[in-house]
Amino acid sequence: MSNNIESVLVENRVFPPSDAAMKGARISGMPAYEALCKEAEKDLEGFWARHARDNIVWTKPFTKTLDESNAPFYKWFHDGELNASANCLDKHMGTAVENKTAIIFEADDGAVTKITYKELLGRVSQFANALKAQGIRKGDRVIVYMPMTVEGVIAMQACARIGATHSVVFGGFSAKALNERIIDAGAVAVITANFQMRGGKELPLKSIVDEGIAMGGCDTLKSVLVFMRTPTACNMVAGRDKTFTEMLQGQSGECKPEPVNAEHPLFILYTSGSTGKPKGVQHSTGGYLLWAKLTMDWTFDIKSTDVFWCTADIGWITGHTYVAYGPLAAGATQVIFEGIPTYPNAGRFWEMIQKHKVTVFYTAPTAIRSLIKAAEGDEKIHPKRYDLSSLRILGTVGEPINPEAWMWYHKNVGGERCPIVDTFWQTETGGHVITPLPGATPTVPGSCTLPLPGIMAAIVDEAGHDIPNGAGGMLVIKRPWPSMIRTIWNDPERFKKSYFPEEMGGKLYLAGDGAVRNKENGYFRITGRIDDVLNVSGHRLGTMEIESALVSKTDLVAEAAVVGRPDDLTGEAVCAFVVLKRSRPTGDEAKQIATELRNWVAKEIGPIAKPKDIRFGDNLPKTRSGKIMRRLLRSIAKGEAITQDTSTLENPAILEQLAEKL
Ligand code: PRX
């Protein structure tokens, strides 16, 4: 397996959609796709207005489509009103969807529960009433720190129903990360669980919430609402904490959805950027929901008979758009899975596809790569041992997929019959932006192919000028689109600087990824982040965030620099170069300190941010002006020979020291 971009650039295998995939597809054949693109190019506003009217139930119809008067703070459909939860639930009542299964939930231990749309509406409504009884109102921010459960989705939907803005924090983040997010969002409540179940283990959530609050500064916080996922008791603070059972008692299962303005913030989701502080990506209600619904139709060509399964956690954007909102807005039946792909064995995904007759399966390259490795080591859990004939479309997301993994997925999971949609997008884009369409786009392993209609994606140089196909550059989107990030919560200046830099004219949305288009067909290939953001197992991590975590261990660390290096399994791996306040350790002592630092990072950010490699040096390679030469560190991390010019380096001898593995 290799992630080598060179192998991607010479890839020339093409897989046109089969007749079966094209037949009955919403967008069938390239001419249909091209016609939509043309329509959008000719009249962008008219195009989106048409889709917004066809796909969303508006309690007050919009009359204006796009407001660019305060660009780049774009507004979409902004005199319209709607409710996101009503668009996912109420709109199905009285239709064939009402009594259809909305969610098939499979718990970590394999227990399966099903819930219909009508039942889900009742539970969301009851939860919404309970939130109101807690004094939570439209516009309030609520943190959701929950396991992958039906209750997690209910909590998000209930917030949306009353117009409260949710901010989901992934259950793997630390107390400190939680504390920072509660404070930044000014949250009034935290919705959590006593424990979460992962791979047969009971892992704490509530005690982490308690620890996070105890760190101080959470002055806006009034209540903590606790789902008892397991029978094990947890600490409850009188007057502040309530179990779900307590708070739901006596609440009615009917709750009128609160209409909100199309621009009302549906949620804030924190993600890593190129500084030490995560950014609160703010999304709208109208434009975002339109995208969630429309991309379910376009990218997954979702049909009333489909069983959709997106394996992402609700803590990430994929779990927002393609678990909590998109499938429900589309009226689909979806599988929600609590556990991990390797428990009780690495055949779990295939077994679940077989058991629930999943038709559309959406996962991350990192999961595919780890399952390839497992299947190659153990015939018994190879996908060919399972009946996967229900599958009709496969998807990937989160990081570039290497052609070898793509081919394996295509052959062994998709039986060479299922189109693979390699969906490129980001927390900031709200949903897919560059992706094949299963009934139209011929696919190429490792390429996310072409932009969705209405997405004016391009590749430019540092000044924002177009770059010809075949040459690499920076990925931008030239015109606004409905589900784009609206701002960074509490930091509009950072929003402008990060995504609409003046150096590029201030009008292009800068994705932060490098990309190249194929000379002949214009297909996009994403070559990876061009900023200080790493992608480890599809999780986005800021190098500066990890550096700040390391240097906050003030008794030990003097200085730290973090870079990424390619990794066969996780895509990228975190590599930290550390200068200690004491002399440079070697041997067992170095290993012991490295473990201590890894645990420290896990405590500061979360276990996902733990550096895989730690190297110690007496110093870091710096220019004479004191700048850390990260390019050199990247080469060292990769184990490459140093070919760069090191003449400006203050201390060349340091390179050898840092190349030494523990
Ligand atoms: O680098 C790109 C990579 O993931 C980044 C966005 O991460 P996040 O906001 O956490 O959202 C992940 C889920 C949408 C992008 O800047 N990325 C995402 N999808 C792909 C990808 N890289 C290559 N191919 C993809 N399909």
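Looking at an unreviewed UniProt entry, one finds the chain named Acetyl-coenzyme A synthetase, with Caenimonas aquaedulcis as its source organism. According to the UniProt record, the Cofactor (unreviewed entry) comment for the chain reads "Mg(2+)". According to its UniProt record, the chain has this under Catalytic activity (unreviewed entry): "acetate + ATP + CoA = acetyl-CoA + AMP + diphosphate".

Engineer: In this structure, what is going on with the overall build of the chain? I would like to understand it.
Structural biologist: When helices and strands are tallied, the chain shows 20 helices and 30 strands. The C-alpha radius of gyration of the chain comes to 24 Å, within 12% of the 26 Å expected for a compact globule of 662 residues. Seen along its three principal axes, the alpha-carbon backbone of the chain occupies a region of about 75 × 65 × 60 Å. Burial analysis of the chain (662 residues in total) assigns 61% to the buried set. Of the contacts made within the chain by residues no fewer than 6 positions apart, 71% connect residues no fewer than 24 positions apart. When the accessible area of the chain is evaluated, it comes to approximately 24800 Å², of which 51% is carbon and sulfur surface.

Engineer: When you look at the packing of aromatic side chains in this model, what are you seeing that I'm missing?
Structural biologist: Counted by the stated rule, this structure contains 36 aromatic pairs. On the numbers, 5.7 Å between centres and 15 degrees between planes, the contact of Tyr499 with Tyr509 is stacked. With a gap of 10 residues between them, Tyr499 in helix H16 (residues 492–499) and Tyr509 in strand E24 (residues 509–517) connect regions that are remote in the sequence. Here the two residues Tyr499 and Tyr509 agree in accessibility, since each one is buried. Between Arg181 and the ring centre of Phe173, over which it is positioned, the NZ or CZ distance is 4.8 Å.

Engineer: Help me understand the confidence of the model for the chain, please; the structure alone is not making it clear to me.
Structural biologist: It should be kept in mind that the predicted coordinates are not to be read in detail where pLDDT is low. When the pLDDT values of the chain are averaged, the result is 95; 98% of them are 70 or greater. Segment residues 1–6: pLDDT under 50, and 14 contacts once partners within four positions in sequence are set aside and those in other chains are kept. Reported confidence for the predicted complex is 1.00 by ipTM and 0.96 by pTM.

Engineer: I'm lost on the sheet that holds strand E16 (residues 307–310) in this one. Help?
Structural biologist: Backbone hydrogen bonds are what pair the strands of a sheet, in a parallel or an antiparallel way. Judged by pairing direction, the sheet is mixed, and its seven strands sit side by side in the order E5-E4-E17-E16-E18-E19-E20 without closing on themselves. Each edge of the sheet is formed by a strand with only one pairing partner; in this case those strands are strand E5 (112–116) and strand E20 (420–423). Neighbour to neighbour, the strand axes of the sheet diverge by 20 degrees on average, direction disregarded. In the sheet, strand E4 (residues 101–106) pairs with E5 via five bridges, with the strands oriented antiparallel. Bridge pairing links Glu106 to Val112 in E5.

Engineer: Please clarify how the site of the ligand should be interpreted in this entry.
Structural biologist: Lining the immediate surroundings of the ligand are 17 residues, of which Asp422, Thr427, Asp513, Arg529 and Arg540 lie closest. Between the ligand and the protein, one listed contact pairs an oxygen atom with a side-chain N or O atom of Thr427 at 2.6 Å. Contact distances for the ligand include 2.4 Å between an oxygen atom and a side-chain N or O atom of Asp513. In isolation the ligand exposes 540 Å². Once the protein is present, 96% of that is buried.

Engineer: What's the story with the nonpolar core in this structure? I'm lost.
Structural biologist: Across soluble globular proteins, nonpolar side chains have a tendency to be buried as a group. Membership of the largest hydrophobic core comes to 168 residues, with the highest contact counts inside it found for Trp48, Leu120, Phe127, Ile191, Tyr325 and Val578. Broken down by element, the residue count for this core peaks at nine residues, all from helix H7 (residues 150–162). Here Ile191 is in contact with Phe127, Leu131, Val142, Ile143, Val144, Tyr145, Met146, Ala155, Cys159, Leu225 and Phe244, once residues within four sequence places are set aside. The next biggest cluster of nonpolar side chains, apart from the first, holds 31 residues, and it includes Ile104, Phe337, Ile368 and Leu394.

Engineer: How should unusual backbone geometry be read in this particular structure?
Structural biologist: What is expected of a backbone is that most residues other than glycine have negative phi and most peptide bonds are trans. The residue after Ala71, namely Pro72, is reached through a cis peptide bond having omega 5 degrees. Note that Pro72 resides in the loop between strand E1 (66–67) and strand E2 (75–76). With phi around 50 degrees, Lys357 is a residue other than glycine that occupies positive phi space. Counting through the fold element by element, Lys357 comes out in the loop between helix H13 (348–356) and strand E18 (360–363). Note on Lys357: relative accessible area 57%, which makes it exposed.

Engineer: I tried to follow helix H3 (residues 30–42) on my own but got confused; where do I start?
Structural biologist: One turn of an α-helix holds 3.6 residues; hence residues three or four places apart share an orientation. Its 13 residues place the ends of H3 18 Å apart at the C-alpha level, agreeing with the 18 Å of an ideal helix rising 1.5 Å per residue. Close packing links the buried residues of H3 with helix H4 (44–55) and helix H11 (286–298).

Engineer: Just to check I follow, could you spell out the UniProt feature "modified residue: N6-acetyllysine" (unreviewed entry) in the chain for this structure?
Structural biologist: Mapped onto the present numbering, the UniProt feature "modified residue: N6-acetyllysine" (unreviewed entry) falls at Lys627. Relative to the elements of secondary structure, Lys627 occurs in the loop between strand E30 (613–616) and helix H19 (630–638). Judged by its relative accessible area of 59%, Lys627 is exposed. Beyond its immediate stretch of four places on either side in the chain, Lys627 contacts Pro621 and Lys622.

Engineer: Help me understand the sheet that holds strand E25 (residues 524–529), please; the structure alone is not making it clear to me.
Structural biologist: Spatially, four strands are ordered E21-E22-E24-E25 in an open sheet, and the strand pairing comes out antiparallel. Across the chains shown, the open sheet's two edge strands, defined by having one partner strand only, are strand E21 (457–460) and E25. Along the sheet, successive strands turn relative to each other by an average axial angle of 45 degrees, direction set aside. Where E21 and strand E22 (residues 472–477) come together, four bridges link them in antiparallel fashion. When the bridges of E22 are listed, Val460 appears paired with Met474.

Engineer: Would you mind going over the packing of H4 against H11 with me for this structure?
Structural biologist: Geometry of a packed helix pair, given as the angle between the helix axes and the separation of the axes. Packing of H4 against H11 brings their axes to within 10 Å, and their N-to-C directions diverge by 90 degrees. Overall, the two elements H4 and H11 adopt an arrangement that is roughly perpendicular. Across the interface between the two elements, Phe47, Trp48, His51, Ala52 and Asn55 from H4 touch Leu290, Trp291, Lys293, Leu294, Asp297 and Trp298 from H11. Its residues assigned to classes, the contact of H4 with H11 comprises seven nonpolar, two polar and two charged.

Engineer: Hey, could you run me through the pattern of salt bridges in this one?
Structural biologist: A side chain with one charge can pair with a side chain of the opposite charge if their charged atoms come near. One pass over the structure, following the stated rule, counts 41 salt bridges. For Asp90, the salt bridge identified is with Arg161, shortest N-O distance 2.8 Å. Pair noted here: Asp90 is in the loop between helix H5 (84–88) and E4 and Arg161 is in helix H7, with a separation of 71 residues, a long-range link. By relative accessible area, which is 2% here, Arg161 ends up buried. Note that Arg584 and Glu660 form a salt bridge whose closest N and O atoms lie 3.6 Å from each other. Residue Arg584 is found in the loop between strand E29 (571–580) and helix H18 (587–604), and its partner Glu660 is found in the segment after helix H20 (654–659); the two are separated by 76 residues along the sequence. Among the residues examined, Glu660 registers a relative accessible area of 44% and is labelled partly exposed.

Engineer: Help me out: how do you make sense of the UniProt feature "domain: AMP-dependent synthetase/ligase" (unreviewed entry) in the chain in this one?
Structural biologist: Taking the numbering used here, the UniProt-annotated feature "domain: AMP-dependent synthetase/ligase" (unreviewed entry) corresponds to residues 98–481. Between the first and last C-alpha atoms of residues 98–481 the distance is 31 Å; the span itself is 30% helix and 22% strand.

Reading guide: rules and limits
- Residues numbered from 1 in each chain as written.
- Predicted model: local features only at pLDDT ≥ 70, side-chain atom pairs only at ≥ 80, totals over all residues.
- Heavy atoms only, no water.
- UniProt positions renumbered as here; feature names shortened; annotations may be inferred.
- Helix = DSSP H or I, 4+ residues; strand = E, 2+ residues; numbered from the N terminus.
- Rg over C-alpha atoms; globule rule 2.2 N^0.38 Å.
- Buried < 20%, exposed > 50% of the residue type's maximum accessible area, 1.4 Å probe, protein only.
- Contact = heavy atoms within 4.5 Å.
- Areas by Shrake-Rupley, 256 points an atom, 1.4 Å probe, with all protein chains shown as cover.
- Phe/Tyr/Trp six-rings, centres within 6.5 Å; stacked < 30°, edge-to-face > 60°.
- Lys NZ or Arg CZ within 6 Å of the ring centre and 35° of its normal.
- pLDDT = per-residue confidence, 0-100.
- Pairing = 2+ DSSP bridges.
- Axes fitted to C-alpha atoms, helices over the stretch in contact; angles between N-to-C directions.
- Near = heavy atom within 4 Å.
- Polar contact = N/O pair within 3.5 Å; in protein donor to acceptor, adjacent residues only side chain to side chain.
- Core = buried A, V, L, I, M, F, W, Y, C linked by side-chain atoms within 4.5 Å.
- Expected span 1.5 Å × (residues − 1).
- Parallel < 35°, antiparallel > 145°, perpendicular 65-115°, else oblique.
- Nonpolar A, V, L, I, M, F, W, Y, C, P; charged D, E, K, R; others polar.
- Salt bridge = Lys/Arg side-chain N within 4 Å of Asp/Glu carboxyl O.

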